[in-house]
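Residues per chain, in single letters:
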Amino acid sequence: MNDQLTPPQLDILDACLETVLRREKTIADCLAHYPDDAVWLKPQLQTALLLRSLSAPGMPEDAVKTLENRVVRQFNRSMSAPRHNTSVRWVGKWAAGFMVALLIAFGGGTTTVAASANSQPGDVFYGVKRAWENVIVYLATLVGRADEVWLHLAQVRFDEMQTLAAKGNLEPDMLDEVYGAVQRAIVFADSDTTPLLVVFMMSAGSELQIIPQDTLIAAHYDRVSAILEPHFDPSGRLVLLDKTDMPDVPPVQTIAASATAEPTLTQMPTLLPSATPTETPGVFASATFDASATPTRTPTDTPTSTATVTASFTPTLTWTPLPLPAGTLVTATPLVVVATMTQSLSSPRLTPTGALLYPIRPTQLAVYMTQTAIASGEIPTEEVSPP
Amino acid sequence: MNRTEEQRLVAQAQRGNSEAFAVLYRENVQAIYRYVYHRVSDRHLAEDITGDVFTKAIEGLGRYQDTGNPFLAWLYRIAHDRVIDYYRKVNRQPTESDIEEQSIPIESDMDSGLVQEQISSVLQTAIADLTPEQQQVVMLRFVEGYRIEKVAGIMGKNANAIKALQHRALRALANRLERAGVDIESMMAGLT
């Protein structure tokens, strides 16, 4: 018998195993088909058949039930115990800030340039986008900011659904994704995010009406339509009427509270994401972000560019978002000033075009709020003027 | 259970939903038990190790990331590690003499149940002498009946690597049985 089989021989073995184990052919049939390989093939096929005959005892039903009770008890103990309490206290603010930086880099607002941020279901990068979201959700849950992230993700899912609908590719699964994200946004919403979520739900509910539906998606469509209709309990809290598949709120919400209660923050630092996007005009851009807390209130744009023979360039954008004035969240359409950059292929320079006032979507504001709220605890509203 | 349903349950379990985890447990416990049982050949020990597997799964659930493979693949890896740990603790693997001691002639008039029992006993002892990876392939490919691609996904290897492992495992088992004086032909006849 050969010590090592060649790749074709390995394929022969596997092909024979498939047919013999599924009783489509006998060992003799296979050996007749591959006479040159019969010597080494026969004992291996025989051994495989013997292995297939191994009895597969099931775990006794009572043992399954007993173990299930034990496992569930362990699960509940594990979930109710304070998790990573010490480390989260220590990294609380850092993690929260980093989380938001990641969120922005990923797809949170107009500054988003990450390659996967604009990917849609079915795109190459979409898996990356969803995996990244899982990281964000995990971090957000650790630091008790899942409400903001789910609000954002509800918006993202809704946007994706609209894109697919515009292409005529809307599938029931996508509607279910929207439903799931909105459901979580409602479950996790607190008094800060509820007004924003309500604005989003009403806006999305209206936009949903113009999406054509067919019989294939009708039930899913109706489910999304229903959940986008806000319902409140007597205390003003958003409630779910359909509690099917309702997600649980994880028992880690107090962690962030203990972190923000630390009396060490005496300044009002703002998050300073430093972006270095690399863009190929006409395709997309990607970026990496570093975030640090710097006690400054002056947003600066420092674009630089380098032209190359291939007309690509590497701008550097330093962007310091201002803490917005404290105030009360209102349902009026919020406005924010966003510094945008333009570029020209013939003159590859980035030029700050100054302030541009335009209404932003509630979730974009939520992302902005997250940045500033982490650093200062203030809640931004309405608008801010450029320096 | 389809993948979407499984992913939903995993996500719920990660957020602390015990019922979701219980469903995942019920869905996978028998496969894990069979896998462990064939590696340790003892029902009670297999039950204990199966319990350990789910305890470890609870501990690691927060770090679990869906990589496109079934949740069971992750549980198999934990089970594999637990079995290795077990053998490391007891510091013993079956030896060739174990097979020889168990090997009794299979007669043509033997009761089929007895033949089956004898074959199982001999094979399990021989399997235990394979490398851990070969054992895993044997269990998943021939006992659980998964195709090469699924075994590859579970073990985190490519299909060609699994084919090579499969061949080495079968060759080693066949040699092992032959050296121990086990008559494969009569065993095969006992199966029919």
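Here the structure is a predicted model, which means the values were calculated and not measured.

(A) Fine view of unusual backbone geometry. Positive phi, normally seen in glycine, also occurs at Arg-23 of chain A, with a value near 60 degrees. For Arg-23 of chain A, the location among the structural elements is in the loop between helix H1 (7-21) and helix H2 (27-33).

(B) Structural view of a nonpolar patch on the surface. Residues Val-124, Phe-125 and Val-128 of chain A make up a contiguous nonpolar surface patch of about 290 Å² in total accessible area. Its place among the elements puts Val-124 of chain A in the loop between helix H5 (85-108) and helix H6 (126-142).

(C) Summary view of the packing of helix H7 (residues 146-167) of chain A against helix H9 (residues 193-209) of chain A. All names here are of chain A. At a minimum axis distance of 10 Å, the contact between H7 and H9 shows a crossing angle of 10 degrees. The angle between H7 and H9 places the two elements in the roughly parallel class. In contact with Asp-147, Glu-148, Leu-151, Ala-154, Gln-155, Phe-158, Met-161 and Gln-162 of H7, H9 contributes Thr-193, Leu-196, Leu-197, Phe-200, Ala-204, Glu-207 and Leu-208. Among the residues forming the contact of H7 with H9, the class breakdown is 9 nonpolar, 3 polar and 3 charged.

(D) Spotlight on the packing of aromatic side chains. Residues and elements named next belong to chain B. According to the stated counting rule, one finds 10 aromatic pairs over all chains in the structure shown. Note on Tyr-76 and Tyr-146: the rings are 6.3 Å apart at their centroids and 75 degrees apart in plane angle, and the pair reads as edge-to-face. One end of the pair, Tyr-76, is in helix H4 (residues 71-90); the other, Tyr-146, is in the loop between helix H7 (132-143) and helix H8 (148-155), with 70 residues separating them in the sequence. Like Tyr-76, the residue Tyr-146 is buried in the burial classification.

(E) Focus on the interface of chain B and chain A. With 56 residues of chain B at the interface, the matching set in chain A holds 55 residues. Interface area for chain B against chain A, summed over the two sides, is near 5000 Å², with a carbon-plus-sulfur share of 61%. The interface formed by chain B and chain A includes 5 salt bridges. Here Arg-26 of chain B and Glu-68 of chain A are joined by a salt bridge, their closest N and O atoms 2.4 Å apart. The tally of links between chain B and chain A comes to 13 residue pairs in polar contact (both at pLDDT 80 or more). Elements that contribute at least two residues to the side of chain B that touches chain A include exactly helix H1 (3-14), helix H2 (18-40), helix H3 (43-60), helix H6 (112-127), H7, helix H9 (159-179) and helix H10 (184-191) of chain B. Among the elements that take part in the side of chain B that touches chain A, H2 of chain B stands out by supplying 11 residues, more than any other.

Quick notes on the rules
Residues numbered from 1 in each chain as written. Chains lettered and ligands numbered in written order. Predicted model: local features only at pLDDT ≥ 70, side-chain atom pairs only at ≥ 80, totals over all residues. Heavy atoms only, no water. Helix = DSSP H or I, 4+ residues; strand = E, 2+ residues; numbered from the N terminus. Patch = residues over 30% accessible without salt bridge, like charges linked within 9 Å, V, L, I, M, F, W, Y side chains within 5 Å. Areas by Shrake-Rupley, 256 points an atom, 1.4 Å probe, with all protein chains shown as cover. Salt bridge = Lys/Arg side-chain N within 4 Å of Asp/Glu carboxyl O. Axes fitted to C-alpha atoms, helices over the stretch in contact; angles between N-to-C directions. Parallel < 35°, antiparallel > 145°, perpendicular 65-115°, else oblique. Contact = heavy atoms within 4.5 Å. Nonpolar A, V, L, I, M, F, W, Y, C, P; charged D, E, K, R; others polar. Phe/Tyr/Trp six-rings, centres within 6.5 Å; stacked < 30°, edge-to-face > 60°. Buried < 20%, exposed > 50% of the residue type's maximum accessible area, 1.4 Å probe, protein only. Buried area = accessible area lost by both parts, 1.4 Å probe. Polar contact = N/O pair within 3.5 Å; in protein donor to acceptor, adjacent residues only side chain to side chain.

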